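Observations on the model geometry
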Amino acid sequence: MDFELRYTPEQEAFRKEVRAFLEANIPPELEEPVDPANLSYEQYLMRRELGRKLGERGWLFPTFPKEYGGGGLPMELAVIIEEELDRYGLSLPPYYNTGGTLGAPCILVWGTEEQKRYFLPPILKGEVRVWQLLTEPGAGSDLASVKTLAVRDGDHYIINGQKTFVGSLHGADWMWTIVCTDPNGRRHENLSWFMIPADLPGISMTPLDLLTAGGEGGASPGAKFTVYFDNVRVPAFNLVGGENNGWKVATTHLELEHGGAGSIRRNRIVDRLIEYCKTTCRNGQPLSKDPDIRDLLVECYIDAEIGRLFNLRNYWLRHTRRPRTYEGPQASLHRKVSGLRIAEAIVKALGPYALTNDPAWDPSGGHLEVFHRASIVATHPGGTIEIQKVIMARRIGIGRAVREEAGTVV
Ligand SMILES: Cc1cc2nc3c(=O)[nH]c(=O)nc-3n(C[C@H](O)[C@H](O)[C@H](O)COP(=O)(O)OP(=O)(O)OC[C@H]3O[C@@H](n4cnc5c(N)ncnc54)[C@H](O)[C@@H]3O)c2cc1C
């Protein structure tokens, strides 16, 4: 059995085209970020520009239907685009945009034809960036308890409430959210899903002061905010999936966010850690010669490889539209738990040097320090470790008479 993808000559020809395009369109100043919390506005703009150029070709969201601004490409060609971007430390999209990765699939599954034609092209072509606004002070893991209220008023809904731990550095054009539309309704049957222009009157935000808001990778957000809605009038057209049907819409993005989207990326931090240990000497010899450290590195290597294969499988399941059960939470759980193990290995191998990103002491350029700090934070977004276990148990039939179905994804 061969787990790796093999490419035909035609697919390799496509790779050449992608490589040439990226060489011509990725400016030399575009850096692989060390800490997303420091992503400058200039670097952000370069990524947006690259996103637009990819979008023009349908390569920003390559497997989405062409008629809505995607590329209509098969999975193998999407993997090639991702692999070529990965050579630059980038992924699709090359900046934080959960509108495309999570919001657009919801609109594709649950939106009307008119809504698809209105909302999808700007997202899939990279013209707008969209945040996801789910969590509230009293509703994180228990998302169905959201209290932000939307009340119908003619052709609009009036929204009041607050969302927290949301957003990213350098703003957004639109926001998608889940709110309550029937405070007295039954649980899961009282919610609605909206796409909201970020510049509507009554929307304000304050930044959160966090340990970090992202780990390694260009798609990390860099910052988080609390967003307030004060009598915000949103057109009824922006309600996707119908009133009080929001939980069904949420099953689509939750499925993807809980590991179901998959990825082709390997955890590069392990390669950096191995390189660090091979090139950094203590007591007259490279760290990698120490049998205890070698032990740790092998464990980390195995974790990274398991994670890569889980994610690649999920990417394949998603883009070939195969049925799935527990695979999403399995990959997410493994990423989060192995991230903590790798962080521990970093601390054990580097000792106090794990706490600094001063280049004089850290030849990884700060990547190891940022990863180790972010690994604890990274157990929260998109469902905590405990929540992934709860979902996985339901999917494999532990503790429930009927197995839980995976969310609808196309
Ligand atoms: C860096 C970062 C980025 C984020 N980005 C976003 C974003 O873009 N958009 C957004 O909407 N939200 C975002 N979040 C919020 C994130 O989704 C929540 O933090 C997460 O869902 C957990 O919710 P909570 O913090 O309210 O914790 P709680 O839900 O209050 O959980 C507290 C603890 O209880 C445990 N727990 C809860 N329920 C159970 C259960 N049933 N069984 C066992 N244990 C349980 C949890 O695992 C956790 O350890 C982000 C958070 C962080 C830290």
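Computed from a predicted model, the values in this text were never measured in an experiment.

Brief notes about helix α1 (residues 9–25)
- Its 17 residues place the ends of α1 24 Å apart at the C-alpha level, agreeing with the 24 Å of an ideal helix rising 1.5 Å per residue.
- Restricting attention to buried positions, one finds in α1 the residues Gln11, Phe14, Arg15, Val18, Phe21, Leu22 and Asn25. Buried residues of α1, viewed axially, fall in a sector of 130°; they line one side. In α1, the exposed positions angled more than 90 degrees off the buried face are occupied by Pro9, Lys16, Glu23 and Ala24.

Some words on the environment of Asp362
- Considering the arrangement of structural elements, one finds Asp362 in the loop between α9 (327–350) and α10 (367–377).
- For Asp362 and Tyr276, which are 86 residues apart along the polypeptide, the C-alpha to C-alpha distance reads 8.6 Å.
- With sequence-adjacent residues up to four places away left out, Asp362 is seen in contact with Tyr276, Thr356, Asn357, His367 and Glu369.

As for the side chain of Thr148
- Along the chain, Thr148 falls in the loop between β1 (130–133) and β2 (149–153).
- One polar contact links the side chain of Thr148 to the main-chain amide nitrogen of Gln162, over a distance of 3.3 Å.
- Those residues within four positions of Thr148 in sequence are excluded, and the remaining contacts are Glu136, Ile159, Asn160, Gly161, Gln162, Lys163, Val179 and Cys180.

Focus on the packing of helix α7 (residues 268–279) against helix α8 (residues 291–319)
- Interaxial distance between α7 and α8 falls to 10 Å at its minimum, and their mutual angle equals 160°. Classified by the angle their axes make, α7 and α8 are roughly antiparallel. Between α7 and α8 lies a crossing whose hand is left-handed. Across the interface between the two elements, Val270, Leu273, Ile274 and Cys277 of α7 pack against Ile293, Leu297, Cys300, Tyr301 and Ala304 of α8.
- For the contact of α7 with α8, the class distribution of residues is nine nonpolar, no polar and no charged.

Let's talk about the packing of aromatic side chains
- Per the stated rule, a full pass over the model turns up eleven aromatic pairs.
- Here Phe61 and Phe64 contribute two aromatic rings whose centre-to-centre distance is 5.8 Å and whose plane-to-plane angle is 80°, an arrangement assigned as edge-to-face.
- Overall, the relative accessible area of 6% leaves Phe61 in the buried class.
- Look at Phe64 and you get buried, because its relative accessible area is 7%.
- Each ring, one from Trp176 and one from Trp193, has its centre 5.3 Å from the other, and the planes form 20°; the classification is stacked. Residue Trp176 is found in strand β4 (residues 174–180), and its partner Trp193 is found in strand β5 (residues 191–197); the two are separated by 17 residues along the sequence.

Observations regarding unusual backbone geometry
- In this structure, Pro93 follows Leu92 across a cis peptide bond, with omega equal to -15°.
- Structurally, the position occupied by Pro93 is in the loop between α3 (75–86) and α4 (98–110).
- In this structure, His188 takes a positive phi of about 70° despite not being glycine.
- Within the secondary structure, His188 is located in the loop between β4 and β5.
- Using a relative accessible area of 33% as the deciding quantity, one classes His188 as partly exposed.
- The phi angle at Asn244 is positive, at roughly 65°, despite the residue not being glycine.
- By secondary structure assignment, the location of Asn244 is in the loop between β8 (239–240) and α6 (246–260).
- With a relative accessible area of 22%, Asn244 lands in the partly exposed category.

Quick notes on the domain arrangement of the chain
- Domain assignment breaks the chain into domain 1 (9–124), domain 2 (130–243) and domain 3 (262–395).
- Distance between the C-alpha centres of domain 2 and domain 3: 31 Å.

Some points on the site of the ligand
- With respect to spatial proximity, 17 residues lie near the ligand, and among them Thr135, Ser141, Phe165, Thr384 and Glu386 are the closest.
- Between a nitrogen atom of the ligand and a side-chain N or O atom of Thr135, the distance comes to 2.7 Å.
- Taken by itself the ligand offers 970 Å² of open surface, and the protein chains cover 66% of this.
- Looking at the shell around the ligand, the elements with two or more residues in it are β1, β3 (156–166) and α11 (385–395).
- If you tally residues by element for the shell around the ligand, the top one is α11, at three residues.
- Partitioned by chemical class, the residues of the shell around the ligand number nine nonpolar, six polar and two charged.

Concerning the nonpolar core
- Counting residues in each nonpolar core, the largest one holds 50 residues, and the members touching the most others are Leu54, Leu85, Ile123, Leu124, Trp193 and Met195.
- Going through the elements one at a time, α1, α2 (41–56), α3, α4, α5 (113–124), β4, β5 and α6 are the ones with two or more residues in this core.
- If you tally residues by element for this core, the top one is α4, at five residues.
- Non-local contacts of Leu124, meaning those with residues more than four positions away in its chain, are made with Gly55, Leu60, Phe61, Phe64, Tyr68, Gly69, Gly70 and Ala104.
- Counting residues in hydrophobic clusters, the runner-up holds 25 residues, among them Tyr96, Trp131, Leu169 and Met175.

Re the environment of Pro363
- You can see Pro363 is positioned in the loop between α9 and α10.
- Given a relative accessible area of 55%, Pro363 falls into the exposed group.
- Through-space distance from the C-alpha of Pro363 to that of Arg272 is 9.5 Å; in sequence the pair is 91 residues apart.
- Excluding anything up to four places from it in sequence, Pro363 contacts Tyr276 and Thr280.

How each quantity is defined
Residues numbered from 1 in each chain as written. Predicted model: local features only at pLDDT ≥ 70, side-chain atom pairs only at ≥ 80, totals over all residues. Heavy atoms only, no water. Helix = DSSP H or I, 4+ residues; strand = E, 2+ residues; numbered from the N terminus. Expected span 1.5 Å × (residues − 1). Buried < 20%, exposed > 50% of the residue type's maximum accessible area, 1.4 Å probe, protein only. Arc of directions from axis to C-beta. Contact = heavy atoms within 4.5 Å. Polar contact = N/O pair within 3.5 Å; in protein donor to acceptor, adjacent residues only side chain to side chain. Axes fitted to C-alpha atoms, helices over the stretch in contact; angles between N-to-C directions. Parallel < 35°, antiparallel > 145°, perpendicular 65-115°, else oblique. Left-handed = near helix turned anticlockwise from the far one by under 90°. Nonpolar A, V, L, I, M, F, W, Y, C, P; charged D, E, K, R; others polar. Phe/Tyr/Trp six-rings, centres within 6.5 Å; stacked < 30°, edge-to-face > 60°. Domains from an automatic or database assignment. Near = heavy atom within 4 Å. Areas by Shrake-Rupley, 256 points an atom, 1.4 Å probe, with all protein chains shown as cover. Core = buried A, V, L, I, M, F, W, Y, C linked by side-chain atoms within 4.5 Å.

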